[in-house]
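# Analysis of the macromolecular model
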Amino acid sequence: MTSNDNDGMPTFSDSEKNGHGDEHSTFRICCIGAGYVGGPTCAIIASKCPHIKVTVVDVSADRIAAWNSDHLPLFEPGLEDIIKKIRNRNLFFSTDTKKAIQEADLIFISVNTPTKSYGFGNGRAPDLRYVEEAARQIAHTATSNKIVVEKSTVPVNAAESIKTILKTNKQPGVCYQVLSNPEFLAEGSAIRDLLAPDRVLIGGDESIDGELAIKKLSWVYEHWIPKERILTTNTWSSELSKLVANAFLAQRISSINTISAVCEATGASVSEVAKAVGLDSRIGNQFLHASVGFGGSCFQKDVYNLIYLAESLKLEPVAQYWLQVIKINDWQRERFAHMIVQNLFGSVSGKKIAILGFAFKKDTADTRESSSIYVCRYLLAEGASLHIYDPKVPVQRIFL
Ligand code: NAI
């Protein structure tokens, strides 16, 4: 890459000449954040691109130590075998963020973006402090041009904030291109999703340099993903698409859960209704299973993210519409716990109840926003004695 200062943006034409468009050159990727997204995503990139060096860094020394041990920090079917084959070959886990940033051509920001729990937007807005901190670290550390990729789920316009942070704090002569490349994997099937995604979405600037950066990231994915599945858009469309995808998935769950209540009151069977409805090809049969409600770190937070966006845009009916998705989810959890109490003759006080499963779904140890937590809280408040078992979740995490 050249160090031409093109309004803070790099020109990539020289990097092409220098051979980064050539599969056999040494291309380096750094991923900031070794979590549920950063770890598995980089494992797949490194396994499919043996000539690319991929380093995943994290502020948590414990998490990095676990990635470098026989006990990975998270469970994902198929992940362990892949990691064992490529760890310390072209996949590295490290706490040396400075070194990884400096040597990288492309940097993924894959840090957590929880819902804010303080100040303006408390309980609604996404907390972008970890994304901002990662951007600052890059700006203070990088001594050569970088493509910075927001992999974390962020609100629309976050790329602009990242650009501003990079531009304001950058070392002299260093230029950046910022891309949006949201991740659509689902925990429990992350490896399958990463190997054969429905689509890869890349958003970037509609400029020559923006297009070159998109081409570079696309080149990484093209090692194993057919080109027609790689969708390129402008940055805002890409950022918004991720929120909308999660909001639509959450909405399907809330929709079928409302119908489960109607079925219980009428004698209809929700699985029969779901099957009949799902066979309509315009509707499809995915995400039509009635349940205790959605959990996990993403759906609720991303729906709130969309609600906050609508509120900020003064689109109150839109905000209210999506808020119902969350309200129905809360109601379904409470309704489920209430049903247990009712079926145990109106009281669970002093009764022993077994809870099988504490993670938010099967094939993961992740308990973030798990519906089990909410149901357990209701039952404990009613005086029940709970015996909780989940083969994937350690006892300490249940007591958190
Ligand atoms: P996570 O909480 O598992 O991992 C984030 C990691 O980033 C943590 O280990 C944390 O220590 C680290 N970190 C934070 N600031 C850092 C910094 N400045 N330098 C180095 N490390 C830092 O989060 P997860 O689940 O991987 O999610 C990451 C992003 O991906 C979020 O925005 C999430 O919404 C999105 N996402 C998550 C999916 C999931 O299934 N978990 C699926 C698709 C997107």
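Here is what the cut-offs are and how they apply
- The residue numbers shown here count from 1 along each chain, following its written sequence.
- It should be noted that, the model being predicted, local features are given only for residues of pLDDT at least 70 and side-chain atom pairs only at 80 or more, the latter also being counted only at that level, while totals for whole chains, interfaces and linings use all residues.
- Hydrogens and water molecules were not included; the side-chain quantities draw on all heavy atoms of the structure.
- Think of it this way: one heavy atom of a residue within 4 Å of a molecule or strand is enough to make that residue near it.
- Distance and chemistry together define a polar contact, namely a pair of N or O atoms within 3.5 Å, with one atom able to donate a hydrogen and the other to accept it when in protein, and with adjacent residues in sequence counting only for side-chain atoms on both sides.
- Shrake-Rupley sampling with a 1.4 Å probe provides the accessible areas, and residues are treated as covered by the protein chains on show and by no other component.
- Segments assigned H or I by DSSP are reported as helices when at least four residues long, segments assigned E as strands when at least two residues long, and all are numbered from the N terminus.
- All residues other than Ala, Val, Leu, Ile, Met, Phe, Trp, Tyr, Cys, Pro, Asp, Glu, Lys and Arg, Gly among them, are scored as polar; the first ten of these are nonpolar and the last four charged.
- Here the limits of each domain have been adopted from an automatic or database domain assignment.
- Confidence scores per residue from the predictor, reported as pLDDT, run from 0 to 100.
- Two residues qualify as a contact provided that any one of their heavy atoms is within 4.5 Å of a heavy atom in the partner residue.
- Angles shown run from 0 to 180 degrees and are taken between the N-to-C directions of axes, each axis being a line fitted to C-alpha atoms and, for helices, limited to the stretch in contact.
- These descriptions rest on fixed angle ranges, namely under 35 degrees for roughly parallel, over 145 for roughly antiparallel, 65 to 115 for roughly perpendicular, and the rest for oblique.
- By definition, turning the near helix anticlockwise from the far helix through less than a right angle yields a left-handed crossing, and turning it clockwise yields a right-handed one.
- Think of it this way: a Phe, Tyr or Trp ring, Trp meaning its six-membered ring, pairs with another when their centres are within 6.5 Å, and the plane angle makes it stacked under 30 degrees, edge-to-face over 60, tilted otherwise.
- Each residue's exposure class comes from its accessible area (1.4 Å probe, protein chains only) as a fraction of the maximum for that residue type: buried when under 20%, exposed when over 50%, partly exposed otherwise.
- The rule for a charge over a ring is simple: NZ of Lys or CZ of Arg within 6 Å of the ring centre, and within 35 degrees of the ring normal.

The next point concerns the site of the ligand. In the region of the ligand, 25 residues are neighbours, and Asp58, Arg63, Thr113, Glu187 and Lys301 sit closest. Contact distances for the ligand include 2.7 Å between an oxygen atom and a side-chain N or O atom of arginine 63. For the ligand, the protein covers 93% of the area, taking 840 Å² as the surface of the free molecule. It is helix 6 (residues 129–141) that provides the largest number of residues to the shell around the ligand, a total of 3 residues. Taken together, the residues of the shell around the ligand sort by class into 8 nonpolar, 9 polar and 8 charged. When residues of the shell around the ligand are assigned to domains, at least three fall in each of domain 1 (22–225) and domain 2 (243–397).

Okay, the confidence of the model for the protein chain next. Detailed reading of predicted coordinates is not advised where the pLDDT is low. The share of residues in the protein chain with pLDDT of 70 or more is 94%, and the mean pLDDT across the chain is 94. Here residues 1–24 is a poorly scored stretch, pLDDT under 50, and it has 65 contacts once near neighbours within four places are set aside; other chains count.

This part takes up the side chain of glutamine 332. Relative to the helices and strands, glutamine 332 is located in helix 13 (residues 316–343). Here glutamine 332 is in contact with Asn257, Ser260, Ser291, Val292 and Gly293, once residues within four sequence places are set aside.

Quick look at the packing of helix 13 against helix 14 (residues 371–381) now. Where helix 13 contacts helix 14, the two axes come as close as 9 Å, and the packing angle between them is 45°. Taken together, the axis directions place helix 13 and helix 14 in an arrangement best described as oblique. Of the two elements, helix 13 crosses helix 14, and the hand of that crossing is right-handed. On helix 14, the residues touching Arg333, Glu334, Phe336, Ala337, Ile340 and Val341 of helix 13 are Ser371, Tyr374, Val375, Tyr378 and Leu379. Here the contact of helix 13 with helix 14 is built from residues that sort into 8 nonpolar, 1 polar and 2 charged.

A word on the packing of aromatic side chains. Given two aromatic rings, their pairing is described by the distance between the two centres and the angle made by the two planes. A full pass over the atoms with the stated rule returns 7 aromatic pairs. Between the aromatic rings of tyrosine 321 and tryptophan 322, the centroid separation amounts to 5.1 Å while the plane-to-plane angle is 90°, which identifies the pairing as edge-to-face. Classification of tyrosine 321 as partly exposed rests on a relative accessible area of 47%. Put simply, the rings of Phe248, Tyr321 and Trp322 pair up and form one aromatic cluster. Positioned over the ring face of phenylalanine 184 is arginine 199, at 3.6 Å from the centre of the ring. Positioned above the aromatic ring of phenylalanine 75 is the side chain of lysine 392, whose terminal nitrogen or guanidinium carbon lies 4.5 Å from the ring centre.

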